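Reading the structure
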Amino acid sequence: MAKMSFTYGLSLFFMSVIPGAWRRTAAGAGLLAPDGSVAPTIFAEMSAAAARTGAINLGQGFPDEDGPAEVLAAAREAISRGMNQYPPGRGTPDLLDAISEHQRRFYGLDVDPSREVIVTAGATEALTATLLALIDSADDEVVVFEPYYDSYAAAVALAGARLRTVPLRAPDFQPDLERLAATVSDRTRIILINDPHNPTGAVFDREVLAEVVRLAELHDAIIVTDEVYEHLAFTGPHTPIATLPGAAERTLTISSAGKTFSATGWKIGWVHGPAELITAVLTVKQYLTYVNGSPFQPAIAVGLRLGDDFFAGAAATLAHKHEILGEGLRDAGFTVFAPQGGYFTVADASALGGADAAEFCRALPERAGVVAIPLTAFVSEAHRADYAGLVRFAACKRVEILEEAATRLVSSF
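The name recorded for the chain in an unreviewed UniProt entry is N-succinyldiaminopimelate aminotransferase, from Microbacterium foliorum. The heading Cofactor (unreviewed entry) in the UniProt record of the chain holds the text "pyridoxal 5'-phosphate".

Next up, the structure:
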């Protein structure tokens, strides 16, 4: 591949720690308020509203139940055995092996654990380190599907690239392939996809994945794929884009343990792909967290080796929770777009006076005792009107909590 250099991306990373350059970059990413203070996010605002009102927080995507007992026990054992200092920079050998075994077991991918994998501080660090490492110039573009997980735009801006978006429209939230082809160009450095998708819950058709690969080959772009919900797809086995013909040689696959094992606070993620790209990412990652989560790494290795019944059960349990939440939302008068995977259900609140989803969500804690997030938090300013009535609810909570939330919503509308 012609676009393998990461020198410029690395230089941008070091420039970003210079105070003046940092302020300009952070402002461009929307991280600073006009007065120079840290810009508040809708997530912080809604979580504060939940705490203030006692509302059920279906805004942020974190479970309220612990993960598998054997995984938790492995972490405690690792602490007792003294695994409390820096682990190796790439990750503990056992976890690297477990990630490689996992990719072969579920997807038939051969991953060299010593050269083609890095353990990271969650998927967000993996993504940020990847973008910082692989952006070559200020003219580079990163193509994403919109709505997008909020850190994507910030990481692209911090790396000095331009964000280009392809919209996902209700009800199925699949991209228009002609629009995708028109957006990807020779300026495209990275095509970034999230599958299953946050916030819409979409699982992309194989036709979509194949078109991403075709366009990446045509324009010599790198594919970066965020697959943190890989074991939480409801419509069949997850298909990593790296398994498609011609994809593996230009794809960096990102995932993490937080969603699968209900351990979001452990922040154990990973990225794997061609050794030369992984080396570039490691060059940046070592100046971010350096290493992390020493006693949690062997615990996640245990988790990745759990039996098939655990992984199937995790998806089935979450699908059932979505059904409970979706039924309550419909009974309350929302139009619900049933997800195909992941933590979140998207619903249209327009019929309930929620044509402005942001204002609707701000009023919801007081009105119904429930917190949600407007989908406009996940789109660029220019396209907010296209998603104005859509609201995201998290289903990754205990069944009794979802039932109570449903009861509150039905009684309030």
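We are not done yet, so read on.
Our focus in this paragraph is the UniProt feature "domain: Aminotransferase class I/classII large" (unreviewed entry) in the chain. Mapped onto the present numbering, the UniProt feature "domain: Aminotransferase class I/classII large" (unreviewed entry) falls on residues 55–406. For residues 55–406, the end-to-end C-alpha separation is 12 Å, with 38% helix and 16% strand making up the annotated structure.

With that out of the way, let us pick up the packing of helix α5 (residues 93–107) against helix α11 (residues 296–304). Any two packed helices are characterised by the angle at which their axes cross and by the distance between the axes. The contact between α5 and α11 brings their axes to 8 Å, and the two run at 20°. In terms of orientation, α5 and α11 fall into the roughly parallel class. Crossing hand, α5 versus α11: left-handed. Of α11, the residues touching α5 (which contributes Asp 94, Leu 95, Ala 98, Ile 99, His 102 and Arg 105) are Gln 297, Ile 300, Ala 301 and Leu 304. Its residues placed into classes, the contact of α5 with α11 shows six nonpolar, two polar and two charged.

Here the chain averages 92 in pLDDT, and 90% of its residues register 70 or above. Taken together, the stretch residues 1–24 has pLDDT below 50 and engages in 47 contacts with residues farther than four places along the chain or on a different chain.

Basis of the calculations
- Residue positions are given per chain, counting from 1 as you read along its sequence in written order.
- Predicted model: local features are reported for residues with pLDDT of at least 70 only, side-chain atom pairs are reported and counted for 80 or more only, and whole-chain, interface and lining totals are derived from all residues.
- In computing side-chain values, all of the structure's heavy atoms are included and hydrogens and water are not.
- UniProt positions are given in the numbering used here, feature names are shortened, and annotations may be inferred rather than shown by experiment.
- The way it works is that DSSP assigns letters per residue, a run of H or I at least four long becomes a helix, a run of E at least two long becomes a strand, and they are numbered from the N terminus.
- Convention adopted: a line fitted to C-alpha atoms gives each axis, helices being fitted over their contacting stretch, and angles between N-to-C directions are expressed from 0 to 180 degrees.
- For classification purposes, an angle smaller than 35 degrees is called roughly parallel, one larger than 145 roughly antiparallel, one from 65 to 115 roughly perpendicular, and anything else oblique.
- When the near helix sits turned anticlockwise from the far one by under a right angle, the crossing is termed left-handed; a clockwise turn instead gives a right-handed crossing.
- Residues count as neighbours in contact if any of their non-hydrogen atoms are within 4.5 Å of one another.
- Each residue receives one of three labels: charged for Asp, Glu, Lys and Arg, nonpolar for Ala, Val, Leu, Ile, Met, Phe, Trp, Tyr, Cys and Pro, and polar for the others, Gly being one of them.
- Confidence per residue, as judged by the predictor, is encoded in pLDDT with a range of 0 to 100.

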